[in-house]
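Remarks on the overall topology
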Amino acid sequence: MDKIKIEDLEIYAHHGVMKEENVLGQKFLLSLELGVDTCKAGRTDELRDSINYAEVAHFTNNYLKEHTFQLIEAVAEHIAEEILLHFPVKEIHVEVKKPWAPILLPMSHVSVEIHRKWHTVYLSIGSNMGDTKANLDKAVALLEAEPKIHVEKVSSYLVTKPYGGVEQDDFLNAALVVETLYTPQELLAVIGTIEKSLKRERMIHWGPRTIDLDILLYDDYVVREENLTIPHIEMHKRDFVLRPLVEIAPEAYHPLLKNSIYQLFEELNKE
């Protein structure tokens with residue numbers, strides 16, 4: 001990933017735990033490292049093909065003057081997120097330096113450094129109750145309405161047989177590729193809200209449902225928590241998961257099985 005750097009941007013703002021810091025203000029130094037693709041701009045020599053670092057600098061200055069935070073951790077977190085939301089930046093490294101930190105000892109500065117980025121996530125979506133196509137369309141629209149989620153690709157809608165041995169109607173299934181700023185747990189909470197809004201009820205395991213949204217892969221993360229498993233358990237054994245996913249992301253990689261989705265799909269369909 002190419003980088004555009006802004007070093008030690010000086011901003012006078014009102015952040016700090018102490019009341020005096022919020023009232024009187026103080027100097028902060030911000031360094032931003034923007035992860036972008038500079039190839040096109042390098043060839044065309046046109047600013048429109050790059051990131052205007054002057055705009056980023058002024059945006060940062062204005063945002064931090066208009067908002068007040070107690071911790072420089074919060075300063076770093078919020079400005080990283082705002083830049084990712086407002087500019088075509090894939091990832092960002094932020095360092096916030098506080099030269100006048102009130103610690104009553106000689107020092108150059110205290111600082112916080114963070115790295116944030118858009119994460120690539122693969123989702124499975126299905127429905128077998130009511131107007132199944134409308135259910136999938138609504139779920140996709142609700143995901144697209146989230147500022148911190150960009151829906152990049154949606155597969156064809158495929159009719160599939162139920163999984164798990166419960167007698168019920170066929171499903172309409174699909175797969176999605178999204179970019180998100182949410183952590184896995186935050187994304188799970190958003191999915192839960194969407195399912196609830198579409199009247200999802202969890203009454204029978206593997207039973208009928210108006211909507212089912214599952215996180216299949218999240219970058220190359222491996223998550224094993226009480227309410228969340230990534231990669232999704234047994235996804236490699238389920239044709240209704242792999243078939244739509246291989247249509248839009250055959251190169252996606254399973255970090256535990258060490259195979260691409262295309263390879264997993266081919267292996268499943270040999271059996």
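Description of the structure in this document. (Residues numbered from 1 in each chain as written. Predicted model: local features only at pLDDT ≥ 70, side-chain atom pairs only at ≥ 80, totals over all residues. Heavy atoms only, no water.)

1. Things to note about the overall build of the protein chain
Quick reminder of the rule: Helix numbering and strand numbering both begin at the N terminus, where a helix is a DSSP run of H or I of at least 4 residues and a strand a DSSP run of E of at least 2. When accessible area is computed with a 1.4 Å probe and restricted to protein chains, residues below 20% of their type maximum are described as buried, those above 50% as exposed, and intermediate ones as partly exposed. For this analysis, residues touch if any pair of their heavy atoms sits within 4.5 Å. The charge count includes Lys and Arg as positive and Asp and Glu as negative, but it does not include His or the ends of the chains. Here the site of a charge means atom NZ of a Lys, CZ of an Arg, CG of an Asp or CD of a Glu.
Scanning the protein chain for helices and strands turns up 8 helices and 13 strands. Taking the principal axes of the C-alpha coordinates as reference, the protein chain spans close to 70 × 45 × 30 Å. Taken over 271 residues, the protein chain has a buried fraction of 45%. Put simply, 64% of the contacts in the protein chain that link residues at least 6 apart link residues at least 24 apart. Of the side chains in the protein chain, 29 bear a positive and 45 a negative charge, and the two mean positions are spaced by 1 Å.

2. Structural notes on the environment of proline 162
Position of proline 162 relative to the elements: it lies in the loop between strand S7 (158-160) and strand S8 (171-180). We classify proline 162 as partly exposed; its relative accessible area is 28%.

3. Some remarks on helix H4 (residues 72-86)
An α-helical turn contains 3.6 residues, so any two residues separated by three or four positions project in the same direction. For clarity, the threshold we go by: The span one expects for a helix is its residue count, reduced by one, times 1.5 Å.
Compared with the 21 Å implied by 1.5 Å per residue over 15 residues, the 21 Å span of H4 between its first and last C-alpha is a close match. Here H4 has its buried residues at Ile72, Val75, Ala76, Ile79, Ala80, Glu82, Ile83 and Leu84. In the core, the buried residues of H4 are packed alongside strand S2 (26-36), helix H3 (53-66), strand S3 (91-98) and strand S4 (110-117).

4. Some details on the pattern of salt bridges
We apply this condition: Put simply, a salt bridge is a Lys or Arg side-chain nitrogen that is within 4 Å of an Asp or Glu carboxyl oxygen.
Going through the model one piece at a time under the given rule, you end up with 13 salt bridges. Glutamate 33 is paired through a salt bridge with lysine 5; the nearest N and O atoms lie 3.7 Å apart. Remark: lysine 5 occurs in strand S1 (residues 2-13) and glutamate 33 occurs in strand S2; sequence separation between them is 28 residues. Judged by relative accessible area, which is 22%, glutamate 33 ranks as partly exposed. In this structure, lysine 97 engages aspartate 8 in a salt bridge whose closest nitrogen and oxygen atoms are separated by 3.0 Å. Pair noted here: lysine 97 is in strand S3 and aspartate 8 is in strand S1, with a separation of 89 residues, a long-range link. Exposure remark for aspartate 8: the relative accessible area of 34% places this residue in the partly exposed category. Among the charged side chains, a salt-bridge network with shared partners connects Lys3, Lys5 and Glu33.

5. Considerations on H3
What counts, and what does not: Within 3.5 Å is the distance limit for a polar contact, defined as a pair of N or O atoms, with the added protein rule that one can donate a hydrogen and the other accept it, and that residues adjacent in sequence qualify only through two side-chain atoms.
In this model, H3 (14 residues) spans 20 Å end to end at C-alpha, consistent with the 20 Å of a helix rising 1.5 Å per residue. Buried residues of H3: Val56, Ala57, Thr60, Asn61, Tyr63 and Leu64, and no others. Those residues of H3 that are buried lie in contact with S1, S2 and H4. N-capping of H3 is provided by asparagine 52, with a side-chain oxygen placed 3.0 Å from the backbone N of alanine 54.

6. Side note on the packing of H3 against H4
What counts, and what does not: Every angle, taken between N-to-C directions, lies between 0 and 180 degrees, and every axis is a line fitted to C-alpha atoms, over only the stretch in contact when it is a helix. Any angle between 65 and 115 degrees counts as roughly perpendicular, while under 35 counts as roughly parallel, over 145 as roughly antiparallel, and the rest as oblique. Each crossing is labelled by how the near helix is turned from the far one, with a counterclockwise turn of less than a right angle marking it left-handed and a clockwise turn marking it right-handed. Lys, Arg, Asp and Glu make up the charged group, whereas Ala, Val, Leu, Ile, Met, Phe, Trp, Tyr, Cys and Pro make up the nonpolar group; the residues left over, Gly among them, are polar.
Running from N to C, H3 and H4 cross one another at 135°; their axes reach a closest spacing of 11 Å. With respect to their mutual orientation, H3 and H4 come out oblique. The handedness of the crossing between H3 and H4 is right-handed. Residues Val56, Phe59, Thr60, Tyr63 and Leu64 of H3 pack against Val75, His78, Ile79, Glu82, Ile83 and His86 of H4. The class makeup of the residues in the contact of H3 with H4 is 7 nonpolar, 3 polar and 1 charged.

7. A few points about the side chain of serine 155
Considering the arrangement of structural elements, one finds serine 155 in the loop between strand S6 (149-154) and S7. Ignoring anything within four residues of it in the chain, the contact list for serine 155 reads Ala174, Ala175, Pro244, Glu247 and Ile248.

8. Regarding the nonpolar core
Using the following cut-off: By convention a nonpolar core is built from buried Ala, Val, Leu, Ile, Met, Phe, Trp, Tyr and Cys residues, the set being connected through side-chain atoms within 4.5 Å.
Ranked by size, the top nonpolar core spans 32 residues in total, and within it Leu34, Val56, Ile83, Val89, Val94 and Val96 carry the most contacts. For this core, the secondary-structure elements that each account for two or more residues are S1, S2, H3, H4, S3 and S4. Filtering out sequence-adjacent residues up to four positions away, leucine 34 remains in contact with Asp2, Lys3, Ile4, Ile51, Val56, Ile83, Val89, Glu91 and Ile92. Val178, Tyr182, Leu187 and Val223 belong to the second largest nonpolar core, which has 26 residues in total.

9. A look at the environment of glycine 16
With respect to the element layout, glycine 16 can be found in the loop between S1 and helix H1 (19-24). On a C-alpha basis, the gap between glycine 16 and isoleucine 248 in space is 47 Å, while along the polypeptide they are 232 residues apart. In contact with glycine 16, not counting residues within four places along its chain, are Glu21, Asn22, Phe69, Gln70 and Lys98.

10. Concerning the pairing of S2
Rule in force here: Strands are labelled as partners when DSSP assigns at least two bridges between them.
The buried fraction of S2 is high, at 9 of 11 residues. Sheet topology places S1 next to S2; 10 bridges connect them, and they run antiparallel. Bridging from a neighbouring strand, isoleucine 11 pairs with phenylalanine 28 of S2. Where S2 lies against S3, 7 bridges are found, and the strand directions are antiparallel. Bridge pairing links leucine 32 to valine 94 in S3.

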